[in-house]
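Read off the chains here:
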Protein chains: 2
Amino acid sequence: MISNIAELIADRIGAMPAGERRAAQTLIANYPMIGLKTVAEFSSAAGVSSPTILRFVARLGFQNYPEFQSGLQDELAAQLQSPAIRTLNPPSPNGGTVSPMLEATLDNMRETFRHLSDRQLADIATRLAERRGKTFLIGGRFTDPLARYMAAHLAVIQPDVFHLAGQESMWRDRLIDMGKRDVLVIFDIRRYQGSLLRFAEKAHQRGVQIVLFTDQWLSPIARFARHVIAGRTAVPSAWDSSAALFVVAETLIGAVTRQLEADGARRIREMEGLR
Amino acid sequence: MISNIAELIADRIGAMPAGERRAAQTLIANYPMIGLKTVAEFSSAAGVSSPTILRFVARLGFQNYPEFQSGLQDELAAQLQSPAIRTLNPPSPNGGTVSPMLEATLDNMRETFRHLSDRQLADIATRLAERRGKTFLIGGRFTDPLARYMAAHLAVIQPDVFHLAGQESMWRDRLIDMGKRDVLVIFDIRRYQGSLLRFAEKAHQRGVQIVLFTDQWLSPIARFARHVIAGRTAVPSAWDSSAALFVVAETLIGAVTRQLEADGARRIREMEGLR
DNA sequence: GGAGCGCTGTATCGTATGTTACGTATTTTG
DNA sequence: CAAAATACGTAACATACGATACAGCGCTCC
C-alpha cells in the first residue's frame, strides 16, 4: 500500500525516462519543499524544462500541477498535526534490509560516544592542535580511507600532516623522520594487521605518541598507544562497520579546527586565495 | 527579537482592524498551511475578502503575497531540516562539546535514510551485483576516501572493481575502458569539483551508468546520473560531514554482498586461502 | 544500416491569480 | 450629532503561471 507521494515516486522512479527521473531525484533530495514552489523554479532546480516537470507529476497520477501541490500540502499538514508521527516513511514497513543496518549503526555511535569522554577527545584534539611536531596517519586494509579522510582535513588547517600510503617498506623508511614531538594516528580494526603492529611498536620505541582508532576488542597496538578510541563495529552484515570511528574522526577534526581557529582561519583564507 | 512569522503576528495582532485580525487568527489556527494556499482560499476560510488578506500581509511587512509565502516556506524548510527529535528529546543531557556534533550527525543519518527508499538502494545494489561490466569508483577532494573505502570492500567480493586515483589526466585515460555495461560510482559534495563534472559527462556520453553520492543540494553531476543518493551534510563544524554518505555506502556494500553471497562466499574463502 | 518510436525542449496560448482603484459602510472624534 | 477618517468589499486589470502543440533528436529494434 502506497500512502504518501515519496513512496509513490520511489515505486515508479525505475520506470521513468531520464528527465523525469531527474525531477524525481531533486524532489526527493529536498522533499517536499521544491514541489511547493512554481513549476519554473522546480524545473530549473532539476535542470530540465517545465513540460518535463508537468509530465512527471502527470505520471504520478495527478491531473495537474496544483493538484499535485495540494497532495504535498495535505501530507505536510498531517505531519504537522501529529509531531509524534514524524516519520515520512512509515516506521519501516518492509522489515527491509536497510533499517536493521541503520539502527545498528546508530546504536554503535551512541555506544561509542557513551564510552568516550569529552575530556579524552579534548586531550587528543589539543595534542593534535599544538603542533609541536609532525602528524602521521595510517590505517589498515579497510580503514586506511579513514586515515586519508582525516589527513585530508587536517592538512588544510596545519602543516606537517602526512598520510602514510603504499607498501609497508615505504612507511618503515619514514620512521627516521619520527620522534618524541610527533603524533601517529593509527586505524586498526579486526583482523588486526601484523604489519601495523610492527610499525606501531617501532614508532613507540622512538617516542612517538600514538593515537589509536580501533574496535571494542582493542587492537594489540593499544599496548603502545597513548590514546585509544574504541568504536563499536558490529552490524548485521558480512562486514564490520567503521561508521562509528568515522564519526569520531569527524568530531576530532572539528575539535582540532576549533582550537586552531585563529590560525586555521587565516590558513584557510590563504588557501582559498590560491585556488 | 522576532524570528518567525507566527511571533510577528502575535506581536502586531493587537493593532489590527477587525477584518485583518480574523485573517491573522485563521492563519494561526492552521499555521502555516492556509498561508500557502491562494489568496482566494485564504480569504474565504477567514470569511473576509481578498484585499483584506493582502492588506494583512502588507501590514506584516511583506511587499506582496508571494514574498509572504516564501517566508512561510523557508520556515517550514528550516523546521523539516532539523527534525522533531530535537524538540521532543531533551536537548542532550551532557551539554558537552561532543554532543551537538553527534546529535547533528545522527539526525543527518535518519534524515538521509528517510529520503532514501529501500527500493532505490536495492536497485543500485542489483546493478552493482549483476556485474555485466566493470565498476569504477572515484571521489572529490574530501570524499575520495569514501570511494576508496567502498572499492576496498567491493573488490573483495567481485572482480573488475577499480578505484580511480591520482591526477585528472590519469583517470581520463581510463575512459577508453568504459562502456555501456559499466558502472561509475562518484562521490561529490560541495564545493563540487569541475574536474569530476567533466569526467562524469564524458563517461555519460560513453553510456556508462553513473551512481552519484552527493549532498542535498545535488552536485551538477546529477544531470548525468542514473542513480542519485542525496545525503545530509550539515553539522555544527567548519566542515561538512560525510558521515551519512559513509553509512549509505556501508549499507550498499552490505546489500551487494548479500546478493553475491553464493558467489562471494566462495571468493572470500579462496582469498582467505591465499593469505 | 535504416525505420520507427519515444523522449525532450521551444514557443505559444489561455487562464487563474494577485493586485489596484473606487465606492460604500462603519467607526471615531470634535 | 455631524463630519471626517478609516476600514472593507466589489469589480476591473495585468501579470505570471501552468498547459499544450509541435518539432528535433536520440535511441532501440529490425
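You'll find the structure just up there.
Here's what I pulled together on the structure shown here.

Reading guide: rules and limits
Residues numbered from 1 in each chain as written. Chains lettered and ligands numbered in written order. Predicted model: local features only at pLDDT ≥ 70, side-chain atom pairs only at ≥ 80, totals over all residues. Heavy atoms only, no water. Pairing = 2+ DSSP bridges. Helix = DSSP H or I, 4+ residues; strand = E, 2+ residues; numbered from the N terminus. Axes fitted to C-alpha atoms, helices over the stretch in contact; angles between N-to-C directions. Contact = heavy atoms within 4.5 Å. Phe/Tyr/Trp six-rings, centres within 6.5 Å; stacked < 30°, edge-to-face > 60°. Buried < 20%, exposed > 50% of the residue type's maximum accessible area, 1.4 Å probe, protein only.

## Focus on the sheet that holds strand E1 (residues 135–139) of chain A
Residue and element names in this part refer to chain A.
Moving on, step 1. One open sheet accounts for five strands, arranged E2-E1-E3-E4-E5; its pairing is parallel. Of all the strands in the sheet, the pair left with one neighbour each is strand E2 (161–163) and strand E5 (227–231). Within the sheet, the average angular offset between the axes of one strand and its neighbour, ignoring direction, is 15 degrees.
Moving on, step 2. In this sheet, strand E3 (residues 183–188) lies alongside E1 in parallel orientation, the contact comprising five bridges. The residue bridging Ile-138 from the neighbouring strand is Ile-186, located in E3.
Moving on, step 3. Lying over the sheet, helix H11 (residues 194–205) contacts E1, E3 and strand E4 (209–215), oriented at roughly 160 degrees with respect to E3.
Moving on, step 4. Together, E4 and E5 form the strand contacts of helix H12 (residues 243–259), whose direction differs from that of E4 by roughly 145 degrees.

## Focus on the packing of aromatic side chains
We describe a pair of aromatic rings using the distance from one ring centre to the other and the angle between the two ring planes.
Moving on, step 1. Counted by the stated rule, this structure contains 17 aromatic pairs over all chains.
Moving on, step 2. Ring centres 4.4 Å apart and planes at 20 degrees place the aromatic pair Phe187(A) and Phe213(A) in the stacked group. Within this pair, whereas Phe187(A) is found in strand E3, its partner Phe213(A) is found in strand E4, the two being separated by 26 residues in sequence. Comparing Phe187(A) with Phe213(A) shows no difference in burial state: the two are buried.
Moving on, step 3. Centroid distance Tyr65(B) to Phe68(B): 5.7 Å. Interplanar angle 45 degrees. Geometry classified as tilted. Remark: Phe68(B) and Tyr65(B) occur in helix H6 (residues 65–81); sequence separation between them is three residues, near one turn of the helix. Neither Tyr65(B) nor Phe68(B) differs from the other in exposure class; each is buried.
Moving on, step 4. Three or more aromatic residues joined by ring pairs form one cluster here, namely Tyr149(A), Phe246(A), Tyr149(B) and Phe246(B).

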